[in-house]
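Next come the chains, spelled out residue by residue.
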Amino acid sequence: KYDTKRFKKLIVLSRNKLRQLVGFFTGYCKLRCHLHKLGYYSKDQCRFCDQRADTPQHILPDCPGQLNPVNELIPTIKSGALLNLFNLTGLNEVL
């Protein structure tokens, strides 16, 4: 559903921050799973736990190598807070 309020918050983000969010939500980013599909990386395993594929769906909700599982929080996190989480975990370098 189109949300005008959300649009107004996102449209003022810098191009790089918007790219990070879009890349994270679509999976088209520099995570190993995507790079492996493109042939740029030899394996798709998670950089934090080396147990499952390095995807956004794995990293935030259930990666044992990450800080804390945040599965319940993902739907409620605002874009600015998610970008801060990317910075805190170092994901901003690969998204």
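For the structure itself, consult the block above.
In what follows, the accompanying structure is described. On a predicted model such as this, the values are computed, not experimentally measured, just so you know.

So, how was this worked out
Residues numbered from 1 in each chain as written. Predicted model: local features only at pLDDT ≥ 70, side-chain atom pairs only at ≥ 80, totals over all residues. Heavy atoms only, no water. Core = buried A, V, L, I, M, F, W, Y, C linked by side-chain atoms within 4.5 Å. Buried < 20%, exposed > 50% of the residue type's maximum accessible area, 1.4 Å probe, protein only. Helix = DSSP H or I, 4+ residues; strand = E, 2+ residues; numbered from the N terminus. Salt bridge = Lys/Arg side-chain N within 4 Å of Asp/Glu carboxyl O.

1. A closer look at the nonpolar core
In this structure, Leu21, Phe24, Cys29, Leu31, Ile59, Leu60, Leu82, Leu83, Leu85, Phe86, Leu91 and Val94 together form the largest nonpolar core, which totals 12 residues. Of all the secondary structure elements, the ones that give two or more residues to this core are helix H2 (15–26), helix H4 (56–62) and helix H5 (79–89). The element that contributes the greatest number of residues to this core is H5, accounting for 4 residues.

2. Brief notes about the pattern of salt bridges
This structure, assessed with the given rule, holds 2 salt bridges. The salt bridge partner of lysine 43 is aspartate 50, with a shortest N-O separation of 3.0 Å. With relative accessibility at 42%, the residue aspartate 50 sits in the partly exposed group. Residue arginine 47 is joined to aspartate 54 by a salt bridge in which the shortest nitrogen-to-oxygen separation is 2.8 Å.

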